[in-house]
Structures are given as C-alpha cells and as structure tokens.
Amino acid sequence: MTTAADYSEKIPNNVGLHEDRRLQRALESWQPDFLSWWGSMGPALPTQDVYLRTAINVGREGWAHFAHVPMPEYRWGIFLAERDPGRRIGFGEHKGEPAWQKVPGEYRSALQRLIVVQGDTEPASVEQQRNLGATAPSLYDLRNLFQVNVEEGRHLWAMVYLLHAYFGREGREEAAELLRRNSGSADAPRILGAFNEETPDWLSFFMFTYFTDRDGKYQLGTLKESGFDPLSRTCEFMLKEEAHHMFVGTTGVDRVVERAAQLMTEHDTDEVAARGGIPLDVIQKYLNFHYSVSLDLFGGETSTNVANYYTAGLKGRWNEPRRNDDHKLTSESIMVDTLGDDGQIGQAEVAALTGLNTDLRREYIADCQTGVNRWNRILDSAGIEFRLRLPHVAFNRQVGAFAGIEASPSGDILSAEEWERRKGSWLPTDVDKTHVRSLMRPVHERGKIAAWIAPPRNGINGKPFDYEYVHFP
Ligand SMILES: [Fe+2]
Ligand SMILES: [Fe+2]
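Conventions we followed
Residues numbered from 1 in each chain as written. Chains lettered and ligands numbered in written order. Predicted model: local features only at pLDDT ≥ 70, side-chain atom pairs only at ≥ 80, totals over all residues. Heavy atoms only, no water. Disulfide = S-S within 2.5 Å. Donors = N, O, S within 2.8 Å, 3.2 Å for Na, K, Ca; no water. Helix = DSSP H or I, 4+ residues; strand = E, 2+ residues; numbered from the N terminus. Buried < 20%, exposed > 50% of the residue type's maximum accessible area, 1.4 Å probe, protein only. Core = buried A, V, L, I, M, F, W, Y, C linked by side-chain atoms within 4.5 Å. Contact = heavy atoms within 4.5 Å. Salt bridge = Lys/Arg side-chain N within 4 Å of Asp/Glu carboxyl O. Tetrahedral: all angles 85-135°; square planar, octahedral: opposite > 155°, others 65-115°.

**Let's talk about the state of the cysteines**
What is meant by a disulfide is a covalent connection between two cysteines, made through their sulfur atoms. Applying the stated criterion across every chain, the model contains 0 disulfides. For the unlinked cysteine Cys235, the closest cysteine sulfur is that of Cys368, found at 20 Å.

**Here we look at the coordination of the iron ion (ligand 1)**
The protein atoms that coordinate the iron ion (ligand 1) are Glu122 (OE), Glu152 (OE) and His155 (ND1), at distances of 2.0 to 2.2 Å. For the iron ion (ligand 1), the single-chain donor residues occur in sequence as E-x29-E-x2-H. The two metals, the iron ion (ligand 1) and the iron ion (ligand 2), are separated by 3.4 Å and share Glu152 as a common coordinating residue. Of this pair, Glu122 sits in helix α2 (residues 108-128) while His155 sits in helix α3 (residues 139-166); the two residues are 33 residues apart in sequence, bridging distant segments of the chain. Here the two residues Glu122 and His155 agree in accessibility, since each one is buried.

**Quick notes on the nonpolar core**
With 121 residues, the main nonpolar core has Phe211 and Trp452 as its most contacted residues. A total of 15 residues in this core trace back to one element, the largest contributor, which is α3. What Phe211 contacts, discounting residues up to four positions off in sequence, is Leu287, His290, Tyr291, Ser294, Tyr364, Cys368, Trp375 and Leu390.

**Examining the pattern of salt bridges**
If you walk through the whole model with that rule in mind, you get 25 salt bridges. In this structure, Asp367 engages Arg214 in a salt bridge whose closest nitrogen and oxygen atoms are separated by 3.2 Å. Here the residue Asp367 occupies a position in helix α9 (residues 356-381), and Arg214 occupies one in helix α5 (residues 202-223), the gap between them amounting to 153 residues. Just as Asp367 is buried, Arg214 falls in that class too. Of the charged contacts in the structure, one is a salt bridge between Glu301 and Arg361, with a shortest N-O distance of 3.3 Å. Linking Glu301 in the loop between α7 (280-296) and α8 (304-312) with Arg361 in helix α9, this pair joins segments that are 60 residues apart in sequence. Looking at Glu301, the relative accessible area reads 5%, which means it is buried.

**Quick word on the coordination of the iron ion (ligand 2)**
For the iron ion (ligand 2), the full set of protein donor atoms is Glu152 (OE), Asp213 (OD), Glu242 (OE) and His245 (ND1), and the range of their distances to it is 1.8 to 2.2 Å. One can describe the site at the iron ion (ligand 2) as irregular: its 4 donor atoms subtend angles covering 90 to 171° at the metal. All donors of the iron ion (ligand 2) come from a single chain, and their spacing in sequence reads E-x60-D-x28-E-x2-H. Overall, Glu152 belongs to the buried group, its relative accessible area being 2%.

This is a description of form; function is not addressed.
Printed below as a string of structure tokens:
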C-alpha cells in the first residue's frame, strides 16, 4: 500500500483511484459540483494566492508541503492512512475478527448514516466561515482561516470518497446532498444544530475552532476505531489535519485573552472595550455559548443507537486500545447525569453501553478544561484575578437530559423567567455582539495586526509573523 499522494491525477489520491475507472468517473463528475459549491459557498474574500499546506504523503514525517496556491486550484484529494494488513476489530461483538475491507450488509445503513453525519459538518463549517476573510486581524490569521477552510473541504472529499466507493447509488445521492444542504438554510439546513449557527466574527471563529472542531476530533477518534477499515484509515489521517484547526482555536483565544490582559494592566482598568479590546466577561460569554452548543453535538446522555454502533464494531470509544476492560462492556455500568423525578440534577447508574455518549462527552470536557487552564495561566501571569471557566453541563443545553430545563453556569436550576432575566450576563447579548463586530476591521497589511488581539509567538512553517502569507489580486 502506497502512502505517497499521486498528484498527476485529476483527483490526487493514495488509494489507486486509476485502477477503478467507474469510481474515478463518478468522483470526477462530483468534482465540478464541489468546485462550484466552493465558488459560491466557500471563502468570499478574493485573493490571488495563499500560503497553504497540502498533504503529500500520509507517513509519520513530512506529510505536508507548503506553497503559495490560488485557492480554487488547491489540490483537494483522497488520502487514507497506511493500511495495516493485520488489523483486527478492537471492540464489540466482532472483537478480534479481521477488520472489514467491505461494508458488511447488515451494517450498511448505519455506517452510511455515520459517514453522512460526519461529512455534513465539514462543508458546513466552510459555509459558516465564508465571510470572515473580510475582517481578518492579520495576514497570518487570514492564512490560517483559509487553511482550515481548504482542509474542511478535503474532509468532505474524504467522506464523499467513502460514499462513492462503498455505498453505491445511495452513496452517490448522499454525496450530492452534502453539497445541497447549507448552513443556516431554512429549507435544507445542515444536520446538526451547532453547524447552523453563524460564525460572524473572529472571536466566534476561535471559539468554534477550539470547542466545535474539538467535538470533531472526538467523533473522528471514535470512527478511527471502526471495524470498517477504510473509514478508520480516513479518520486517522483527518485527525492529523484537525490538530491544526484546534491549534488555531487554542492560540487564537490565547491571543485575545493576552491582549485584554495587556490593556487592563497598561491602563489599570477593567474597561477594556473603551481601549479597543474584548473584555474578559465577554470572552467568557462567547466561551459559554460555544461550549454548550458543542456539548449538544455528543447527543443524549444515554443512547441505544450508540450502544448498537459499539456492539456492532462501527464506532468505538476515545482511546479504545488504552481502556482497561473487556472492550465489550456487556456487564459494565457508568454513572450518567440525569434530571431526577424531583427536578434536581443528579446522577444515575446505567449500562456502560447505553452511556457511551456520556463517556465521550466527559473525555471532551476534560480536554476542553486544558485550554481554560492555559488561558487562566495567561491571566495569572499578568497578575489579573479574573478566571475563565467551563459552565455546568446543564447550562444552555438543547439536547439530552437538560434540554427541558434552564440552569445557571454554576448548575443551579432556574425558572424560565429567571433565565430570561439573567441570560444576558451569561450569553453574548446584542450589545456584546455589536461591540465585538465593531472591532472586526480588516488588517491586510503585512506585519500589522488589529488592536484587539496579540500577535502570535511564531509564524507558520518557520516563517515570520510579517511574512506575506496572502497575496491579493
Ligand atoms: Fe473536519
Ligand atoms: Fe476541523
């Protein structure tokens, strides 16, 4: 199995696409639809070229190549991690059997659904971020935005390849639908709620890449364990690209917090807004929003569907190989969050299989906390007492056990009236959003940066911050 990408092909790939003419033709007929979608729903800001990385092989080292590329000419392609010929299924009732190279008939519709739901999120985020280029705080940030965008486009290719290659006519129809649905559309919205929200400003973008892309990391992590080997190998490679998206989020929020702290210290004031920064309490509100809508993406606390996916070997747990149990979970249990009959937030013991969403959400929450700790260290070293924090799991939820109640960030249950009265101190208000948007003025000059954000510590690929990451026509 080759790991090098073949760039002489119309569709770059490392899956030997030329050996399957029918599949190649099918994908080549989807390609113009993708490009026209990219033209109408992708980045709106006109550019000449952008300093982008492109995957050249999927090996451990040197998989990326950097160059200035006109974005519509980016070589989107199909890259799967190297095949391990001895790979065996690691969990569920097929544990120990050889991984499947074809879709088992009985799991066809479940696998197709998993791939479609994952695939739907990829172009959705490109659509959500479509207009951000117009207000980029620096060329460095603009380049990072576009890098995320082209890679989400490639992730769409990854899922479309699986649909075309393994799911026949239905798969091809689903691939077409992935371009027909649009984020926020009234008649054909994206499948998951968080992917229909707007990303109207760069603070939202950084929060999105921190919290929502991180949900993607966890979903891909569970699909990487799949018994269906092509899906596993696809997700393994997608996870490598995903790391950069989360880097953009983590360091983006770092820099907003750092700038706020600077302004507070320099002027000895909390009134950062008047000095052109974003106040810490507004950053907290954006965090609250993006974190809570991202928690919803993990689904209900308990789910029989997910239990079935696990037992069937379709979708594993985060870090499945490192779990110290039988990887079947037929006799294990887990405590999940519940809303008791008394209307109070509590915990209940359920079968481990039904509680798998909770298991994954908890892994995610622990990971989210690391960023918050990091941002608080920035505040701490600036001598500022304010601390950011993750709100309670019941806060602002639309999915799962707490969908029907309102709770404060510290987990106190509130009446509907009290929630209405107080939610403006926890979630971004129109005033907050208008203020943040008013700061979003483009800085497209080399080496310059907007006043609401600190410059990054390092540039991209060893280049300095003042490198010409983007050329304009
Ligand atoms: Fe993605
Ligand atoms: Fe991503």
